[in-house]
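A structural walkthrough
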Number of protein chains: 2
Amino acid sequence: MANEKESARELQGLIARFLSKIWRFLERAWNLGVSEPKKFIHCLKVGLALSFVSLFYYMRPLYDGVGRNAMWAIMTVVVVFEYTVGATLYKCINRATATFLAGSLGVGVHWVAGQSGENYEPIILGSSVFLLASAATFSRFIPTIKARFDYGAMIFILTFSLVSLSGYRVDELLTMAQNRVSTILLGTSICILISVLLCPVWAGNELHLLVNSNAEKLADSLEGCVAEFFSNGIGNTSNEDSSKKLQAYKCVLNSKGTAESLANFARWEPAHGSFNFRHPWKQYLKIGAAMRNCGFCIESLSSSINLEVQVPKSLKKNLGDICMRLSSHCSQVMKELAATMKTMRKYSTTNVLVGEMNFAVLELQNALKSLPNQLSQIGAKGEQTTTEFIVPFIDILPLATAIFLLIEIAARIEGIVDAVDE
Amino acid sequence: MANEKESARELQGLIARFLSKIWRFLERAWNLGVSEPKKFIHCLKVGLALSFVSLFYYMRPLYDGVGRNAMWAIMTVVVVFEYTVGATLYKCINRATATFLAGSLGVGVHWVAGQSGENYEPIILGSSVFLLASAATFSRFIPTIKARFDYGAMIFILTFSLVSLSGYRVDELLTMAQNRVSTILLGTSICILISVLLCPVWAGNELHLLVNSNAEKLADSLEGCVAEFFSNGIGNTSNEDSSKKLQAYKCVLNSKGTAESLANFARWEPAHGSFNFRHPWKQYLKIGAAMRNCGFCIESLSSSINLEVQVPKSLKKNLGDICMRLSSHCSQVMKELAATMKTMRKYSTTNVLVGEMNFAVLELQNALKSLPNQLSQIGAKGEQTTTEFIVPFIDILPLATAIFLLIEIAARIEGIVDAVDE
């Protein structure tokens, strides 16, 4: 009896844990949906597209026209509907073209094989499938084809194999092919219409926003890092919000893959909003690369912050103001670039800001050049200050690194400016 | 007449250009195949798998058993066969499980809808498709599900829609489902057998090789960078081969995506070679992250090489030897780590090497600490050397940065050692 009760309690505990796990999962999912409503809407769009297609089953006149092949319409919708318009278009165009090409080729091979007698038929069909499948698979490894026609190559293999191995007669094949093509067109057009008309998520726009927010993140991180470096001890900047800002550059470092796939998809998109059809999407990749370059420097810069080595205060005070000024100029330029990209209009102020940034670099360099002389002059007056000058080389390492990297960052920001100008 | 000749010549030129373009493309493809024979073999494997499946069309007894549904076997092979064993298994298991789950659910919903009368049937079917498709699409956005079950979720939507919208009667559905499942099992087992038995490409092994070669690249780049920094002017290191080595670290910076997808696939693989079933693949990601951290520093370090600012030669000479020693210790540790990972056996020499590296860091730090004193002592003897000491702060910036980053790199290498040890 006690055993039974115990096992019942155990079971209850198990169920409770299971339920709480599911609950937490749902909670997480809900938070994701709330934080990114676009994704939530995308899900509803997929459901809607499928419901549309299923209508063809219930409207008998249409159903009889399209026939049992309506299966292919469903399949097309499920496989082709992607989050961004560009990805959907890429898949639709690839699927339609590849199906058409491979279908015609398959019918042709089928006809040739049929003419050559029953003995040769399987050999011709088998070897053509083997050769074409191998060749198409190989083409998927070639970077330029992978970027644009990866899905198309897969559909090509699929359709060609299906058609040439189907064992139907050629005239049967032709009606089947006609049905297939019309259902696929039906599926793709539903997908394209829904993804373009209902809250469209343009890959180009996403790329634009990504590069934009990356510029802002870099600006925040840079300013935060330098401020932290020259004001440590005060500690008012070490709250959670600012440390989040300091870490923001890390997203930038790993943004390469996302940016590249978005740029690939954006190429398929028609003109929308303020983007033309042949908007220079590749330029965004260049800007992204320039930003990552800048981000690498910030990464190293941030490592010089969290060090136990105490930089001599006099040096810090001497250079702190000027460094902070430089970093704030740098981040102003970055924010201006973000604004330029956002509105896609060149501000005349950008050049002014870049000029100010470069002037701040010169100022810093001049301050550095005159530094030892200044100090040795001070040193001549009293002995205490002399010892201040003979600081071990090791103590100025973090400061020197920070300054060096700051100057380097300014140079790399100019690289970004050039990339944006293009 | 002249016009005709001209246009004929133009046409010839066009064809020649077209042919040369195709020729160059084929040449590139051939080079790719020669440099990576594994990929070439993969293509043949795909062709072979498809040929195997097509056999079922020609062996009539089998054909009658499996029926027209053999189409699904072809489809499975085309869609599921991936480059690595892990990816193939991931897709096979996902496809089989999702088809089974969605199929049973679809039949269930179908039955319920059939019981509830002709008026409610389309409503129940339509809304269940809408809801489940939306939910499954949403689940694909959740990172943990995306990593492991992305393909399964898609197949789930596909199968469920097909089954519940098919308009067949339930008993028809059951025989169809049986056929479907058996053909899919046929396709997946052919894929798995061919991908495992014929020159298998294990995702785990690829990941292993990737992390390994990354360690070696970092070691080469680091040593090359430091050598270049302290020996510029001699110029014997500036040939093409060494500049390639210097740039090698760049591959490491962008290896995150590849490593993550390989680790995801590796998790599906059975024990193979020296890897157990539950090999800690996640650890490789940690090692990879530690290496990228190290790579960021090398990136900044390399930017301090290509500078016009001339570092005072006396300082360079003073510190050059010791820095080069440290960098060679660092790259030795990296190479040792690569060897450790390659053989998966812990060498007792690793600790010794790490100890030596840390000793070199200490040596460098001590040299730095005593540097100004030494110089000021020299300065007391003659005026010429005194001016050497009062070098503008700006001139030592690159050197200071290089040294700082070198020490930081040594610290980060220890991070890699820790990650490898785990």
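Whatever comes next refers back to the structure up there.
First, a word on scope: everything that follows refers to the structure included in this document.

Conventions we followed
Within each chain, residues carry numbers counting from 1 in the order of the written sequence. Note on labels: chains are lettered from A, ligands numbered from 1, in written order. Predicted model: local features are reported for residues with pLDDT of at least 70 only, side-chain atom pairs are reported and counted for 80 or more only, and whole-chain, interface and lining totals are derived from all residues. Only heavy atoms go into the side-chain values, all of them from the structure, while hydrogens and water stay out. Only DSSP runs of H or I reaching four residues or more are called helices, and only runs of E reaching two or more are called strands; each is numbered from the N terminus. Think of it in three bands: with a 1.4 Å probe and only protein chains considered, a residue is buried below 20% of the maximum accessible area for its type, exposed above 50%, and partly exposed in between. We call two residues in contact when some of their heavy atoms are within 4.5 Å. What sets the accessible areas is the Shrake-Rupley method with a 1.4 Å probe; for residues, cover comes only from the shown protein chains. Side-chain rings of Phe, Tyr and Trp (the six-membered ring for Trp) are treated as a pair once their centres are within 6.5 Å; stacked means planes under 30 degrees apart, edge-to-face means over 60, and tilted covers the remaining angles. Surface patches are defined over residues having more than 30% relative accessible area and no salt bridge, joining like charges when they lie within 9 Å and nonpolar side chains (Val, Leu, Ile, Met, Phe, Trp, Tyr) when within 5 Å. Salt bridges are defined by distance alone: a side-chain nitrogen of Lys or Arg within 4 Å of a carboxyl oxygen of Asp or Glu. When two parts are put together, the accessible area they lose, computed with a 1.4 Å probe and summed over both, is reported as buried area. Within 3.5 Å is the distance limit for a polar contact, defined as a pair of N or O atoms, with the added protein rule that one can donate a hydrogen and the other accept it, and that residues adjacent in sequence qualify only through two side-chain atoms. What a helix should span is 1.5 Å times the count of its residues minus one. The superposition of copies rests on a least-squares fit of C-alpha positions from residues with pLDDT of 70 or more in both. Between N-to-C directions, angles span 0 to 180 degrees; the directions come from axes that are lines fitted to C-alpha atoms, helices contributing only their stretch in contact. Relative orientations are named as follows: roughly parallel for angles under 35 degrees, roughly antiparallel for angles over 145 degrees, roughly perpendicular for angles from 65 to 115 degrees, and oblique for any other angle. Classification convention: Asp, Glu, Lys, Arg as charged; Ala, Val, Leu, Ile, Met, Phe, Trp, Tyr, Cys, Pro as nonpolar; all other residues, Gly among them, as polar. Among buried residues, the Ala, Val, Leu, Ile, Met, Phe, Trp, Tyr and Cys ones that are joined through side-chain atoms within 4.5 Å form a nonpolar core.

Quick word on the overall build of chain A
A tally of regular secondary structure across chain A gives 17 helices and zero strands. Put simply, chain A has 422 residues, and 50% of those count as buried. In chain A, 83% of the contacts between residues at least 6 apart in sequence involve partners at least 24 apart. A total accessible area of about 20,800 Å² is found for chain A, and carbon and sulfur atoms account for 61% of it.

Observations concerning the packing of aromatic side chains
Taken as a whole and assessed by the stated rule, the structure comprises 13 aromatic pairs over all chains. When the ring of Phe149(A) is compared with that of Trp268(A), the centres are 6.3 Å apart and the planes differ by 85°; the resulting orientation is edge-to-face. Residue Phe149(A) is located in helix α7 (residues 143–165), and its partner Trp268(A) is located in the loop between α12 (256–266) and α13 (281–303); the two are separated by 119 residues in the primary sequence. Aromatic side chains Phe156(B) and Phe160(B) sit 6.4 Å apart centroid to centroid with 5° between the ring planes, which places their arrangement in the stacked category. Taken together, the residues Phe156(B) and Phe160(B), both in helix α7 (residues 143–165) and four residues apart, mark about one turn of the helix. Taking the relative accessible area as the measure of exposure, Phe156(B) reaches 17% and is therefore buried.

With respect to a nonpolar patch on the surface
A cluster of nonpolar residues, Leu11(A), Leu14(A), Ile15(A), Phe18(A), Leu19(A), Ile22(A), Trp23(A), Phe25(A) and Leu26(A), forms a patch on the protein surface that exposes about 920 Å² of accessible area. Within the secondary structure, Leu26(A) sits in helix α1 (residues 2–35).

Side note on the interface of chain B and chain A
Counting residues at the interface gives 85 residues for chain B and 85 residues for chain A. Across the chain B/chain A interface, buried area totals approximately 7,300 Å², and carbon plus sulfur atoms make up 78% of it. Run the count over chain B and chain A and you get zero salt bridges. Scanning the region where chain B abuts chain A turns up two residue pairs in polar contact (both at pLDDT 80 or more). Of all elements in the fold, only α1 (2–35), α2 (37–58), α4 (70–80), α6 (117–139), α7, α13 (281–303), α15 (349–381) and α17 (397–421) of chain B reach the threshold of two or more residues within the side of chain B that touches chain A. Ranked by the residues each element gives to the side of chain B that touches chain A, the list is headed by α2(B), at 13 residues.

Focus: helix α6 (residues 117–139) of chain A
Because each turn of an α-helix spans 3.6 residues, side chains separated by three or four positions end up pointing in the same direction. The terminal C-alpha atoms of α6(A), which comprises 23 residues, lie 32 Å apart, in line with the 33 Å expected from a rise of 1.5 Å per residue. Among all positions of α6(A), only Leu125(A), Gly126(A), Ser128(A), Val129(A), Ala133(A), Ser134(A), Ala136(A), Thr137(A), Phe138(A) and Ser139(A) are buried.

So, the side chain of Thr99(B)
Residues and elements named next belong to chain B. Secondary-structure assignment places Thr99 in helix α5 (residues 85–115). Of the residues examined, Thr99 reaches a relative accessible area of 7% and is grouped as buried. The residues contacting Thr99, other than those within four sequence positions of it, are Ile155, Thr159 and Ile184.

Focus on the environment of Ser161(A)
Looking at the element boundaries, Ser161(A) is found in helix α7. In this structure the C-alpha to C-alpha distance between Ser161(A) and Gly106(A), which are 55 residues apart in sequence, comes to 7.6 Å. Here Ser161(A) is in contact with Val129(A), Ser166(A), Leu50(B), Ile74(B) and Val78(B), once residues within four sequence places are set aside. Separated by 2.6 Å, the side chain of Ser161(A) and the backbone oxygen of Ile157(A) make a polar contact.

Re the relation of the copies chain B and chain A
Its rotation angle being 180°, the transformation that places chain B on chain A also includes 0.0 Å of axial translation and leaves an RMSD of 0.1 Å. In short, the pair behaves as if placed about a two-fold rotation axis. If distances are taken from each C-alpha of chain B to the rotation axis, the shortest is found for Thr401(B), at 2.2 Å. Mapped onto chain A, 99% of the interface residues of chain B again fall at the interface, so both copies present the same surface.

Points about unusual backbone geometry
Positive phi is not limited to glycine here, since Cys199(A) has a value of about 40°. According to the relative accessible area criterion, Cys199(A) is partly exposed, its value standing at 47%.

Quick look at the packing of helix α12 (residues 256–266) of chain B against α13(B)
Packed helices, taken two at a time, are described by their axes: the angle between them and the distance between them. Residues and elements named next belong to chain B. The interhelical angle for the contact between α12 and α13, taken along N-to-C directions, is 170°, at an axis separation of 9 Å. Between α12 and α13, the angle is such that the two are roughly antiparallel. Within the contact between the two elements, α12 uses Lys256, Ala259, Glu260, Ala263 and Ala266 and α13 uses Trp281, Leu285 and Arg292. Of the residues that constitute the contact of α12 with α13, the class distribution is five nonpolar, no polar and three charged.

Looking at the nonpolar core
Of all hydrophobic cores here, the largest spans 125 residues; its most connected members are Ile413(A) and Ile413(B). The biggest single contributor to this core is α17(B), with 16 residues. Counting residues in each nonpolar core, the second largest holds 83 residues, with Trp72(A), Ala113(A), Met75(B) and Phe160(B) among its members.

Structural notes on the pattern of salt bridges
All names here are of chain A. This structure, assessed with the given rule, holds 14 salt bridges over all chains. For Asp150, the salt bridge is made with Lys146, and the minimal N-O distance between the two is 3.9 Å. Of the two residues, Asp150 and Lys146 are both situated in helix α7; the distance of four residues between them amounts to about one turn of the helix. Using a relative accessible area of 45% as the deciding quantity, one classes Lys146 as partly exposed. Where Glu260 meets Lys256, a salt bridge forms, and the shortest distance between an N and an O atom there is 3.8 Å. With a gap of four residues between them, Glu260 and Lys256 both fall in helix α12, about one helical turn apart. Note on Glu260: relative accessible area 36%, which makes it partly exposed.

Concerning the environment of Pro270(B)
Relative to the assigned elements, Pro270(B) resides in the loop between α12 and α13. For Pro270(B) and Asp150(B), which are 120 residues apart along the polypeptide, the C-alpha to C-alpha distance reads 21 Å.

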